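Notes for the structure review
Below are the chains, spelled out letter by letter.
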Amino acid sequence: MGKSEKRKNRNGPKTATNAAVKTANESANQAYQDPLAENMHDYLSQDTESVEFEMCEEEFPCLFPSFPETPSKSPAAKQRKTVGGDTSAILSQIGELSRLINNRSDALEKMVGENSRGIASMKESINENTKQISGIKDVIDFMSAEVKDLKVKIGVTESLARRVELNSRQQEERLLHLEAYSRRWNLRIHGVPEGEREDVRGKIIDICQQLLPDAKDKLPDAVDTVHRLGRKQLNDNKPRSIIVQFTSRFQRDAIWRSGKDSVFLRNNNLKISEDLSPVDRERRNKLWPAVENARKENKRAYFVGGRAFVEGVEIFPAA
């Protein structure tokens, strides 16, 4: 086959193809004749691009001749299915949800209201408690000031009490000393028979004259006050002791010394003792064992009031 024939055969299909493309383009132009066609891209209506496309298609044949040259139509869009029966169920569920939400909202509103009232009540209580605490604080401050004043006063009172206690102790010591000193003019005589309407002073003067016959005339003036101690007890035949107060300390000491070894007193069951205060008597009772032991050892031991001496040295009771 010659070149002319090949070119002819080659142009034959090409002419048929161009005619088909042209026909397709015309039908496409007619189909898109509407107001939206102006907004389409220019490549859909230009012939030059179609020619170039045809040339490219001619120069590059289809690799898969089994497939059609023209593109296939796009599948139709799927349509959603709607069921009329489900709409009523959905609406019913929505209504139920709305009812539950409303109920929950009402409950929340009620709870919020109750909480608001509770908070308001708590605020009132707190305010009242604050006022009470403020009042208590004022009272405490006042009481604290009073306590401080009382502490100052107590300090002053304690100082005064210490001074008063010191003075009282000193006064007590002085009174004890004066009492012990005043009792040194006294003697106690035990065992003198007791009778009704007796002359106690006369009996004591007779006893003293027996002890000091040399001062027989002076003794009536030396004896001052005489009386028995205590009250007479019923059904008690024991005579009460007699306390004698002398006007002369000299005469009193003389009778006291003469009565220690008097035969007259022993024969008449009489006894003379010093008039001691309760403190001196208690002190003597504590010192008596030491004095007694010293006498057993042939030491010179004696009492002066509530004081005890051994060989001229004063001894003191054990602590």
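Remember, it's a predicted structure, so these values are computed and weren't measured experimentally.

Conventions adopted
Residues numbered from 1 in each chain as written. Predicted model: local features only at pLDDT ≥ 70, side-chain atom pairs only at ≥ 80, totals over all residues. Heavy atoms only, no water. Helix = DSSP H or I, 4+ residues; strand = E, 2+ residues; numbered from the N terminus. Expected span 1.5 Å × (residues − 1). Buried < 20%, exposed > 50% of the residue type's maximum accessible area, 1.4 Å probe, protein only. Pairing = 2+ DSSP bridges. Axes fitted to C-alpha atoms, helices over the stretch in contact; angles between N-to-C directions. Contact = heavy atoms within 4.5 Å. Salt bridge = Lys/Arg side-chain N within 4 Å of Asp/Glu carboxyl O. Polar contact = N/O pair within 3.5 Å; in protein donor to acceptor, adjacent residues only side chain to side chain. 1 Å grid on protein atoms, 1.4 Å probe; cavity = no way out; pocket = protein on both sides within 12 Å on 5 of 7 lines; lining within 4 Å. Points joined across faces, edges and corners; volume = space filled by probe spheres on them. Nonpolar A, V, L, I, M, F, W, Y, C, P; charged D, E, K, R; others polar.

**Observations concerning helix α8 (residues 278-296)**
The end-to-end C-alpha distance of α8, which contains 19 residues, comes to 27 Å, matching closely the 27 Å that a straight helix rising 1.5 Å per residue would cover. Considered for burial, the residues of α8 that qualify are Asp280, Arg284, Leu287, Val291 and Ala294. Downstream of α8 by a residue or two, Asn298 has a phi angle that is positive, lying close to 65 degrees.

**Focus on the pairing of strand β1 (residues 186-190)**
The buried fraction of β1 is high, at four of five residues. Here β1 runs beside strand β3 (residues 242-246); their pairing, made up of four bridges, is antiparallel. Each residue of the ladder has a partner; that of Ile189, found in β3, is Ile242. Across four bridges, the pairing between β1 and strand β4 (residues 271-274) is antiparallel. Across the sheet, residue Arg188 finds its bridge partner in β4, namely Ser273.

**Looking at the sheet that holds strand β7 (residues 313-315)**
The strand order across the open sheet formed by three strands is β5-β6-β7, and the pairing between neighbours is antiparallel. Strands with a single pairing partner mark the edges of an open sheet, and in this sheet they are β5 (301-304) and β7. Shown here is a sheet whose adjacent strand axes are inclined to one another by a mean of 35 degrees, direction ignored. Strands β5, β6 (307-310) and β7 of the sheet are contacted by α8, whose axis makes an angle of about 155 degrees with β5.

**Side note on the pattern of salt bridges**
If you walk through the whole model with that rule in mind, you get 18 salt bridges. Between Arg188 and Asp275 there is a salt bridge; the shortest N-O distance is 2.9 Å. Taken together, the positions of Arg188 in strand β1 and Asp275 in the loop between β4 and α8 put the pair 87 residues apart, joining distant regions of the chain. A relative accessible area of 18% places Arg188 in the buried class. Glu194 is the partner of Lys232 in a salt bridge, and the nearest nitrogen-oxygen pair spans 3.8 Å. Residue Lys232 is located in the loop between β2 (223-228) and β3, and its partner Glu194 is located in the loop between β1 and α4 (200-211); the two are separated by 38 residues in the primary sequence.

**Some remarks on helix α6 (residues 249-258)**
Looking at α6, one finds that the buried residues are Gln251, Arg252, Ala254, Ile255 and Trp256. Looking at the buried residues of α6, the elements they touch are β1, α4, α5 (219-222), β3 and β4. The N-capping residue of α6, defined by a side-chain oxygen 3.4 Å from the backbone nitrogen of Phe250, is Ser248.

**Points about the layout of surface pockets**
Considering only enclosed or pocket space, the largest pocket measures out at about 1100 Å³ in volume. Along the wall of the largest pocket there are 35 residues; nearest its centre are Glu274, Leu276, Arg284, Val304 and Gly305. Secondary-structure elements contributing two or more residues to the lining of the largest pocket are α3 (84-182), β1, α6, β4, α8 and β5. For the lining of the largest pocket, the element with the most residues is α8, which contributes eight residues. Of the residues in the lining of the largest pocket, the class split is ten nonpolar, seven polar and 18 charged.

**Quick look at the environment of Asn186**
Positionally, Asn186 belongs in strand β1. Once the C-alpha coordinates of Asn186 and Thr247 are considered, the two residues, 61 residues apart in sequence, prove to be 9.3 Å apart. Sequence-distant contacts of Asn186, defined by excluding residues within four places in its chain, comprise Ile243, Val244, Gln245, Arg252 and Asp275. At 3.1 Å, the side chain of Asn186 and the side chain of Asp275 are in polar contact.

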